[in-house]
Amino acid sequence: MHVVKELWDYREMTANLVKRDLKSRYQGSVLGFFWMFLNPLLQLAVYTVVFSTIMKMGIERFYLFMFVAFVPWLFFSTCLSSGTTVIFAQQDMVKKIYFPREVLPLAFTASQFVNMLLSFLVIFAVVAASGVKMNPVALLWLAPVMLIEFVLALGTTLLVSALSVYFRDLEHIMGILSMAWMYLTPVIYPVEMVPEKYVHLLYVNPMTSITVAYRQILYYADVPDAATLLHAAACASAVFLLGFAVFHRLKRSFAEEL
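This one's a predicted model, so the numbers in the text were calculated from it and none came from an experiment.

Enquirer: Can you help me understand the packing of helix α7 (residues 103-130) against helix α9 (residues 142-166) in this one?
Expert: Packed helices, taken two at a time, are described by the angle their axes make and the gap between the axes. Where α7 meets α9, the axes come as close as 10 Å, and the angle between the chain directions of the two elements is 145 degrees. By crossing handedness, the relation of α7 to α9 is classed as right-handed. In this structure, α7 contributes Pro105, Leu106, Phe108, Thr109, Ala110, Phe113, Met116, Leu117, Phe120 and Phe124 to the contact, and α9 contributes Leu142, Met146, Glu149, Phe150, Ala153, Leu154, Thr157, Leu158 and Ser161. The class makeup of the residues in the contact of α7 with α9 is 15 nonpolar, three polar and one charged.

Enquirer: Whenever I open this one, the packing of aromatic side chains confuses me. Can you help?
Expert: Any two aromatic rings considered together are summarised by their centre-to-centre distance and by the angle between their planes. The final tally for this structure, using the stated rule, is 12 aromatic pairs. Consider the rings of phenylalanine 65 and tyrosine 219, whose centres lie 5.3 Å apart with planes at 85 degrees: the pair is edge-to-face. One end of the pair, phenylalanine 65, is in helix α4 (residues 62-82); the other, tyrosine 219, is in the loop between α12 (206-218) and α13 (226-250), and 154 residues separate them in sequence. We note that phenylalanine 65, like tyrosine 219, is buried. Pairing phenylalanine 120 with tyrosine 214 gives two aromatic rings, centres 5.9 Å apart and planes at 45 degrees, and the pair type is tilted. You can see phenylalanine 120 sitting in helix α7 and its partner tyrosine 214 sitting in helix α12, a full 94 residues away along the chain. Of the aromatic side chains, those joined through ring pairs into one cluster are Phe62, Phe65, Tyr219 and Tyr220. Of note, arginine 11 hangs over the ring of tryptophan 8, and the distance from its end group to the ring centre comes to 4.1 Å.

Enquirer: Please explain a nonpolar patch on the surface as it appears in this structure.
Expert: The grouping of Val137, Leu140 and Trp141 at the surface amounts to a nonpolar patch, some 310 Å² of accessible area in total. Its location among the elements puts valine 137 in helix α8 (residues 136-139).

Enquirer: Explain the nonpolar core to me, please; I cannot follow it from the model alone.
Expert: Most often, soluble globular proteins have nonpolar side chains that are buried together. Membership of the largest hydrophobic core comes to 76 residues, with the highest contact counts inside it found for Ile87, Met116, Phe120, Ile123, Met182, Ile210 and Tyr214. Residues within four places of isoleucine 123 in sequence aside, it is in contact with Phe67, Val68, Val71 and Leu218.

Enquirer: Please clarify how the pattern of salt bridges should be interpreted in this entry.
Expert: Under the defined criterion, the tally for this structure stands at three salt bridges. Measuring nitrogen to oxygen at the nearest pair gives 3.5 Å for the salt bridge that ties glutamate 60 to arginine 61. When the shortest N-O distance is used, the salt bridge between lysine 251 and glutamate 102 registers 2.8 Å. Taken together, the residues span a long stretch of sequence, with lysine 251 in the loop between α13 and α14 (254-257) and glutamate 102 in the loop between α6 (91-96) and α7 at a distance of 149 residues. For the pair shown, lysine 251 and glutamate 102 are each scored as buried.

Enquirer: Is there a simple way to explain the side chain of asparagine 205 in this structure?
Expert: Mapping asparagine 205 onto the fold places it in the loop between α11 (196-202) and α12. Overall, asparagine 205 belongs to the buried group, its relative accessible area being 9%. Among the polar contacts made by the side chain of asparagine 205, one reaches the main-chain amide nitrogen of methionine 207 at a distance of 2.9 Å. Not counting chain neighbours up to four residues away, the residues in contact with asparagine 205 comprise Trp181, Leu184 and Thr185.

Enquirer: Would you mind showing me how to read the packing of α9 against α12 here?
Expert: Axis separation between α9 and α12 bottoms out at 10 Å; the angle between their running directions is 160 degrees. Relative to α12, the element α9 lies roughly antiparallel. In this structure, α9 crosses over α12, and the sense of that crossing is left-handed. Facing α9, whose interface residues are Leu142, Val145, Met146, Ile148, Glu149 and Leu152, α12 presents Pro206, Met207, Ile210, Ala213, Tyr214, Ile217 and Leu218. When its residues are assigned to classes, the contact of α9 with α12 shows 12 nonpolar, no polar and one charged.

Enquirer: Would you mind going over α13 with me for this structure?
Expert: The α-helix winds at 3.6 residues per turn, so residues separated by three or four positions along the chain end up facing the same way. Taking 1.5 Å of rise per residue, 25 residues should cover 36 Å, and α13 covers 36 Å from first to last C-alpha, within 8% of that figure. Thr228, Leu229, Ala232, Cys235, Ala236, Gly243, Val246 and Phe247 are the residues of α13 that are buried. Where α13 is buried, its residues contact α5 (86-89), α7, α9, α12 and α14. Where α13 begins, the capping side chain belongs to aspartate 225, and its oxygen is found 3.2 Å from the backbone nitrogen of alanine 227.

Conventions and cut-offs
- Residues numbered from 1 in each chain as written.
- Predicted model: local features only at pLDDT ≥ 70, side-chain atom pairs only at ≥ 80, totals over all residues.
- Heavy atoms only, no water.
- Axes fitted to C-alpha atoms, helices over the stretch in contact; angles between N-to-C directions.
- Helix = DSSP H or I, 4+ residues; strand = E, 2+ residues; numbered from the N terminus.
- Left-handed = near helix turned anticlockwise from the far one by under 90°.
- Contact = heavy atoms within 4.5 Å.
- Nonpolar A, V, L, I, M, F, W, Y, C, P; charged D, E, K, R; others polar.
- Phe/Tyr/Trp six-rings, centres within 6.5 Å; stacked < 30°, edge-to-face > 60°.
- Buried < 20%, exposed > 50% of the residue type's maximum accessible area, 1.4 Å probe, protein only.
- Lys NZ or Arg CZ within 6 Å of the ring centre and 35° of its normal.
- Patch = residues over 30% accessible without salt bridge, like charges linked within 9 Å, V, L, I, M, F, W, Y side chains within 5 Å.
- Areas by Shrake-Rupley, 256 points an atom, 1.4 Å probe, with all protein chains shown as cover.
- Salt bridge = Lys/Arg side-chain N within 4 Å of Asp/Glu carboxyl O.
- Core = buried A, V, L, I, M, F, W, Y, C linked by side-chain atoms within 4.5 Å.
- Polar contact = N/O pair within 3.5 Å; in protein donor to acceptor, adjacent residues only side chain to side chain.
- Parallel < 35°, antiparallel > 145°, perpendicular 65-115°, else oblique.
- Expected span 1.5 Å × (residues − 1).

Okay, structure coming up:
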């Protein structure tokens, strides 16, 4: 509760860091914030060509099937791989002034989350253009699913940002792990394609339940399964508690290690 109170007291600092990150990300580029929408669209185009033309998946409206899962995956993947640099990027602040160190991973995760929310404008446009009728009742469940993913991403960022201060190679390891993790998550294929004896292993991955929930809402226009949401919430909570505990233990020596 002490940490929560401190984070509330430093909420203005967190908000300023989020704003600064969003402004600086595309500063100097010709297209600016447009890259926020163009980046997932270009990646979607590549995967769609590969898996709809060369390696045919046989899935109706495959571009939509993948897109509704791909944008949330990009959010988590960025937190997993780039979260390792969170403390290093602000090491001067860490060394010179006092503030709750949790502000840094929180601001980074929030910035990536805002990026995902803006990308969802593109998702809704693609869904509308595809002719799929959105289910208003199902859409009400989108906010809880996003919240669950945010908790998972924040826990992941807390964990990797703290460990990377002591283990510098983690940045490169997480980049490779992120690429492998995507193929262990049903982003470009349905769960039904996985042999039945391995399905339970697939759900060990916390992003599986979250991906399935997004797809149920936006592709199938259906209310997500309660068991799927409970599993996703349990996994996200476990990762968050682990990340918070590790960060809280290691943050005391950040300044000495940087």
